Amino acid sequence: MRPQKNGLGGLTVLFHHITVLKEEAVQGLNVKPDGIYVDCTLGGAGHSERIASLLGADGRLIGLDQDDAALAFARDKLAPYGSKVTLVKTNFRHLEHVLREQHVPLSADGIPQVDGILFDLGVSSPQLDDAERGFSYHQDAELDMRMDQSVELTAKIIVNQWPEAELAKILFEYGEEKFARRIASVIVKAREKQPIETTGELAELVKEGIPAAARRTGGHPAKRSFQAIRIAVNDELGVLEEALEQAVRCLKPGGRISVITFHSLEDRICKLSFNKYIESCKCPPDFPVCVCGRRSILKLVNRKPVVPGADELEVNQRARSSKLRVAEKL
């Protein structure tokens, strides 16, 4: 760990993050020394630092994050690369807008064009490890779960104010929790007596909503519910769909996109988004020329997603569910 000013009032915090699939994700981008690259999820700046180290004098890296602590840490870590690096506080759903603001060269039809874009999705280790952020079911703290602490919606609002049916829906859809209705019912009954204030209270209520036999397997019983509420607080899946569309549009021909996911919902969105741009001719095989007009916009660099090796898992168990998909624009 290293001490770092957090940019929120001069307080010193500890920011420790092990970058997942660092070499594989950056190699997937096929970095050119004079290229323009975007790291949409700065986090601990591990990917960004590796990209920046491969850039020449004319190369450029634009790093995005909505977390002030991550930005402050990245600013320090990437300082040796000087003007090659630009950091922007924003949600990556605003990717194309940021590229316009940064005066990235435009295509003939006026779309910003870059050589590579990287996404490392989900919650970062520092966010999980900082109890005050309210992401973790292992540490008792005020319910929060905001990646951008300037927004209004928090986990406390969702848990205490959303209708029971809506709670059950997000637990089922975003957490793939088969006991979603039971858990939502337990939460609503508890909040009728008094507000649910902390992660510890919520974790116990989730546990109460899951049958004892089911709690004995599959890790911590609150894991899926906490994931679901976090996704809802930050609109993670909606943001990802928007950003992937923009990323494909803003890639130069030959440019690449690397996406690291950590659960099946993210991975499914990434896979479907890529597949949407991978078209093939639908004409009958005996047609002498193509008349359907279907043309692929992307091609997969790896047919199957890349997963961490044994060496990486030995030092970082949080990498165990990660998958990397890489595509190139044609």
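See above for the structure.
Now for a description of the structure that goes with this document. Worth saying up front: this structure is predicted, and the values here are computed from it rather than measured.

As a further point, take the packing of helix α9 (residues 199-209) against helix α11 (residues 223-234). Across the interface, α9 lies against α11 with an axial gap of 9 Å and an inter-helix angle of 125°. Between α9 and α11, the crossing angle belongs to the class labelled oblique. For α9 against α11, the interelement crossing comes out right-handed. Every residue of α11 that contacts α9 at Thr199, Leu202, Ala203 and Val206 is listed here: Ser225, Phe226 and Ile229.

Before going further, it helps to spend a moment on the side chain of Thr154. If you trace the backbone, Thr154 turns up in the loop between α5 (125-129) and α6 (155-161). You can call Thr154 buried: its relative accessible area is 12%. Discounting chain neighbours no more than four positions away, the residues touching Thr154 are Leu143, Asp144, Arg146 and Val233.

In spatial order, the strands read β5-β4-β3-β6-β7-β9-β8; together these seven strands make up an open sheet with mixed pairing. Of all the strands in the sheet, just β5 (85-89) and β8 (298-300) have a single pairing partner and so form its edges. In this sheet, neighbouring strand axes are inclined to one another by 20° on average, regardless of whether the strands run parallel or antiparallel. Here strand β3 (residues 36-39) pairs with strand β4 (residues 60-65) via four bridges, running parallel. Within β4, the position partnered with Val38 by the bridge is Ile62. Contacts from helix α1 (residues 22-29) reach β3, β6 (114-120), β7 (251-261) and β9 (323-329), with the element oriented near 165° to β7. The sheet contacts of helix α13 (residues 264-276) involve β7, β8 and β9, and relative to β9 the element is tilted by about 15°.

Bringing the nonpolar core into the picture now. Core analysis: the biggest nonpolar cluster contains 35 residues, and Val38, Leu64, Ile117, Phe119 and Ile257 have the highest contact counts within it. If you list the elements that add at least two residues to this core, you get β3, β4, α4 (95-101), β6, α12 (236-249), β7 and α13. Sorting elements by how many residues they give to this core places α12 first, with seven residues. With sequence-adjacent residues up to four places away left out, Ile257 is seen in contact with Leu29, Ile117, Phe119, Leu244, Ala247, Leu251, Phe274, Arg325, Val326 and Ala327.

Summarising burial for β6: seven of the seven residues are buried, a large majority. Sheet analysis places β3 next to β6, joined by three bridges and oriented parallel. Following the sheet pairing, Val38 is matched in β6 by Ile117. The sheet contact formed by β6 and β7 spans six bridges and is parallel. For Ile117, the partnering residue across the bridge sits in β7 and is Ile257.

The next subject is α11. Taking 1.5 Å per residue as the helical rise, α11 with its twelve residues ought to reach 16 Å, and the 17 Å between its terminal C-alpha atoms agrees with that figure. Most of α11 sits out of view: ten of its twelve residues are buried. Taken together, the buried positions of α11 are occupied by Ser225, Phe226, Gln227, Ala228, Ile229, Arg230, Ile231, Ala232, Val233 and Asn234. Positive backbone phi, approximately 45°, marks Asp235, located one or two places after α11.

Reading the values: rules and limits
- Residues numbered from 1 in each chain as written.
- Predicted model: local features only at pLDDT ≥ 70, side-chain atom pairs only at ≥ 80, totals over all residues.
- Heavy atoms only, no water.
- Axes fitted to C-alpha atoms, helices over the stretch in contact; angles between N-to-C directions.
- Helix = DSSP H or I, 4+ residues; strand = E, 2+ residues; numbered from the N terminus.
- Parallel < 35°, antiparallel > 145°, perpendicular 65-115°, else oblique.
- Left-handed = near helix turned anticlockwise from the far one by under 90°.
- Contact = heavy atoms within 4.5 Å.
- Buried < 20%, exposed > 50% of the residue type's maximum accessible area, 1.4 Å probe, protein only.
- Pairing = 2+ DSSP bridges.
- Core = buried A, V, L, I, M, F, W, Y, C linked by side-chain atoms within 4.5 Å.
- Expected span 1.5 Å × (residues − 1).

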